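The residues making up each chain are set out below.
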Amino acid sequence: MIGLISATAAGAAARDRLAAAWPERTRVYEGPVGEAVRAAFAECEQLVCFLATGAVVRLLAPLLSGKAADPGVVCVDEGGRFAVSLLGGHGGGANALAREVGEVLGAEPVVTTATDAVGLPGLDTLGLPYEGSVAAVSRALLDGEPVALEAEVAWPLPPLPVAPQGSYTIRVTDRAVAPGEREVLLRPPSLVVGVGASKGAPVEEVLGLVEEALRDAGLSPRSLAELATVDAKAQEPGIVAAAERLGVPLVTYSAEELAAVEVPNPSDAPLAAVGTPSVAEAAALVRGGELLVPKKKSAGQPAMATCAVVRRPARGRLAVVGLGPGARDLLTPRAAAELRRASVLVGLDQYVDQIRDLLRPGTRVLESGLGAEEERARTAVAQARKGHAVALIGSGDAGVYAMASPALAEASDDIDVVGVPGVTAALAAGAILGAPLGHDHVSISLSDLHTPWEVIERRVRAAAESDLVVTFYNPRSRGRDWQLPKALSILAGHREPTTPVGVVRNASRPDESGRVTTLAALDPATVDMMTVVTVGNTATRRIAGRMVTPRGYRWQEDPK
């Protein structure tokens, strides 16, 4: 919960705007300011104080106990101009909260945390348990000192400016080791413990077995991702309570799923009891991985629990990101966030140049030239399979004549794939022309590099006969100068010569140009590969110089 505190009418107005925007997340504290701050500090995970920073500092000072326990605090001036991350920037989430508050109130977020100021992710904000000298290693990164990354377990991380060797170390490990003096340990959730238990097995026996198995194998319980078992044991009290005490979810599988898993130690007992020859090993291995601890029985007489430990491979992450038509303000916030998140960026060199300044220090860039789409897709998927966080970029929307299709054709279910939509060239051009896409429409690429012309022509004829508005991508190049005239002639067989046609070049970029002409007057020689051509249907009209296609089939204006 976020506590909201204000002292004046102006502050209360901004406070109430935030409360209205986040009704489920916020609680307004009324009454004397000092009492309100003390109450919110004790009851809330975060605070937003619509007060001067000096006043908030004085009120908070007696309440502070330590960065691990204190809530995150953001101060907003009474004019709503600035949202200052004052306390708990990383651990309390105040940096992120300041940005969120800024978006709602139109305030400028003020973040002074050193790593955030230079675009480095905080080692304590990666979402992984951590141990060791976070402050010292972070300072080394900020000072440009060599910091080595030792990934004993591959795991997708944001970009970090690391070196092959260094006097400071970031180690990604699930082993039960202590951090060195100049070291930070990151604990990935890589371990799965499969558990089987007899009816009524005590939680102490189940929990003790799991802890013993991890300890004897030299594995850290902080890397435990989940307990897994068969559906028939989903409500077994000892297993449920053990998962709760360990702070991990309990995941269950059907007996049929587990019976299909090949295990080293099958048994007739679980087969007779729950319908699978293995519970512990099969539940741990069902999603693949390396068996680190084979089936182990508890010490009870008789033993009432079994467990097995598996290290699952990291699932890399591939974000297929649409950059929009070119203008920076048409790059979506989600796309910008994915660019900052990725440790590996794959893209066409000219698109990489557009967003290079948004990349965090340490981002590895794999760029190539025109005509290498399949190679870029294979590269991006291969990097994700190695456990990296990858962004594969394309112009417009990555799913429209861009990189999503070849990438997803290459990818399998061993990586996570996220699509990030972008503003397409057709939409950007349509906004410049007016409203040409107000009714049913189709986009057709006239490039026959990947599609035979016979197929393209058949699609153009179908669009012409269906009276669809048509947007032509890749309309004309020096080596392909006859396809556009041919396509226009097909449309002309079904539409009047006066049909409006929009021509937009470099939509949204500094040298943008757009014009509305007619089907008869368009000169194909004025069109190139940087141009989008939109041909109206029989209802499209030119109104006040703009191209408009009505939403309905009835056109209220006199067509003449």
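Preceding this section is the structure that the text describes.
Residues numbered from 1 in each chain as written. Predicted model: local features only at pLDDT ≥ 70, side-chain atom pairs only at ≥ 80, totals over all residues. Heavy atoms only, no water.

In this section: the overall build of the protein. Summing up its helical and strand segments, the protein has 18 helices and 28 strands in all. Oriented by its inertia axes, the alpha-carbon framework of the protein measures out at about 90 × 70 × 50 Å. Burial statistics for the protein: of 560 residues in total, 47% are counted as buried. When contacts within the protein are restricted to residue pairs at least 6 apart in sequence, those whose partners lie at least 24 apart make up 64%. With an accessible surface of roughly 26200 Å², the protein has 51% of that area assigned to carbon and sulfur atoms. (Helix = DSSP H or I, 4+ residues; strand = E, 2+ residues; numbered from the N terminus. Buried < 20%, exposed > 50% of the residue type's maximum accessible area, 1.4 Å probe, protein only. Contact = heavy atoms within 4.5 Å. Areas by Shrake-Rupley, 256 points an atom, 1.4 Å probe, with all protein chains shown as cover.)

The next subject is the pattern of salt bridges. All chains considered together, the criterion is met by 27 salt bridges. Residues Arg171 and Glu152 are paired through a salt bridge, measuring 3.3 Å at the closest nitrogen-oxygen approach. Of the two residues, Arg171 sits in strand E9 (residues 168–172) while Glu152 sits in the loop between strand E8 (147–151) and E9, which places them 19 residues apart along the sequence. The exposure class assigned to Arg171 is buried, which follows from its relative accessible area of 13%. A salt bridge links Glu236 to Lys233; the nearest nitrogen and oxygen atoms lie 3.9 Å apart. In terms of burial, Glu236 and Lys233 fall into one category: buried. Counted as one network, the salt bridges with shared partners bring together Glu152, Arg171, Arg175 and Glu183. (Salt bridge = Lys/Arg side-chain N within 4 Å of Asp/Glu carboxyl O.)

The next subject is empty space enclosed by the protein. Scanning the entire structure with this criterion turns up one cavity of 30 Å³ or more. Of all elements in the fold, only helix H12 (333–341) and strand E19 (389–394) reach the threshold of two or more residues within the lining of the largest cavity. In the lining of the largest cavity, the residues fall into three nonpolar, no polar and three charged. (1 Å grid on protein atoms, 1.4 Å probe; cavity = no way out; pocket = protein on both sides within 12 Å on 5 of 7 lines; lining within 4 Å. Points joined across faces, edges and corners; volume = space filled by probe spheres on them. Nonpolar A, V, L, I, M, F, W, Y, C, P; charged D, E, K, R; others polar.)

Attention shifts here to the sheet that holds E9. Strand order in the open sheet made by the four strands is E7-E10-E9-E8, with mixed pairing throughout. In this open sheet, the two strands that pair with only one neighbour each are strand E7 (130–132) and E8. Adjacent strand axes in the sheet meet at a mean angle of 15° when their direction is disregarded. Strand contacts of helix H6 (residues 134–142): E7, E8, E9 and strand E10 (183–186), with the helix running at about 115° to E9, the strand carrying the most contacts. (Pairing = 2+ DSSP bridges. Axes fitted to C-alpha atoms, helices over the stretch in contact; angles between N-to-C directions.)

Attention shifts here to helix H8 (residues 237–246). The complete set of buried residues in H8 reads Gly238, Ile239, Ala242 and Ala243. Viewed end-on, H8 has its buried residues packed into an arc of 135°, placing them on one side of the element. Counted as exposed and oriented over 90 degrees from the buried face of H8: Pro237, Glu244 and Arg245. In this fold, the buried residues of H8 make contact with strand E11 (191–197), helix H7 (203–216), strand E12 (224–230) and strand E13 (250–253). With its phi angle positive at about 75°, Gly247 sits one or two positions after the end of H8. (Arc of directions from axis to C-beta.)

Using the criterion set out here, one finds two aromatic pairs in the structure. For the ring pair Trp453 and Trp482, a centre distance of 5.1 Å and an interplane angle of 70° mean the geometry is edge-to-face. Taken together, the positions of Trp453 in helix H17 (residues 453–465) and Trp482 in the loop between strand E23 (469–473) and helix H18 (483–492) put the pair 29 residues apart, joining distant regions of the chain. Take Trp453: its relative accessible area is 10%, and that puts it in the buried class. Above the ring of Trp22, the side-chain terminus of Arg25 is found at 4.3 Å from the ring centroid. (Phe/Tyr/Trp six-rings, centres within 6.5 Å; stacked < 30°, edge-to-face > 60°. Lys NZ or Arg CZ within 6 Å of the ring centre and 35° of its normal.)

Every buried residue of H18 is accounted for by Gln483, Leu484, Ala487, Leu488, Ile490 and Leu491. Burial along H18 is one-sided: seen end-on, the buried residues are contained in an arc of 155°. Those residues of H18 hidden inside the fold are in contact with H17, E23 and strand E26 (531–535).

The phi dihedral of Asp467 is positive, around 60°, even though this residue is not glycine. Counting through the fold element by element, Asp467 comes out in the loop between H17 and E23. Residue class for Asp467 comes out partly exposed when judged on its relative accessible area of 26%. In this model, Ala544 sits at a positive phi of 55°, which is unusual for a non-glycine residue. Looking at the element boundaries, Ala544 is found in the loop between strand E27 (541–543) and strand E28 (546–548). On the accessibility criterion, Ala544 (63% relative accessible area) is exposed.

Remark: H7 packs on H8, axes separated minimally by 8 Å, with the N-to-C direction vectors making an angle of 50°. Considering their axes alone, H7 and H8 lie oblique with respect to each other. Pair H7 / H8 crosses with right-handed handedness. Residues Val203, Glu204, Val206, Leu207, Val210 and Glu211 of H7 touch H8, and the partners they reach there are Gly238, Ile239, Ala241, Ala242, Arg245 and Leu246. Considered class by class, the residues forming the contact of H7 with H8 number eight nonpolar, one polar and three charged. (Parallel < 35°, antiparallel > 145°, perpendicular 65-115°, else oblique. Left-handed = near helix turned anticlockwise from the far one by under 90°.)

Right, let's get into the pairing of strand E5 (residues 82–87). With four bridges connecting them, strand E4 (residues 72–76) and E5 associate as antiparallel partners. Directly across from Val74, in E5, lies its bridge partner Ser85. Turn length for the E4-E5 hairpin, with the two strands adjacent in sequence and antiparallel, is five residues, and the turn residue Gly80 shows positive phi of about 70°. With three bridges connecting them, E5 and strand E6 (residues 108–110) associate as parallel partners. For Ala83, the partnering residue across the bridge sits in E6 and is Pro109. The parallel pair E5 and E6 is bridged by helix H4 (residues 94–105), and the resulting crossover is right-handed. (Right-handed = clockwise from strand over helix to strand, strands pointing away.)

What follows is about the side chain of Ser298. Looking at the secondary structure, you find Ser298 in the loop between strand E14 (290–297) and strand E15 (305–311). Its relative accessible area of 9% is what places Ser298 among the buried residues. Polar contacts involving the side chain of Ser298 include one to the main-chain amide nitrogen of Met304, which spans 3.3 Å. Among residues more than four places away in sequence, those in contact with Ser298 are Glu205, Leu209, Ala303, Met304 and Ala305. (Polar contact = N/O pair within 3.5 Å; in protein donor to acceptor, adjacent residues only side chain to side chain.)

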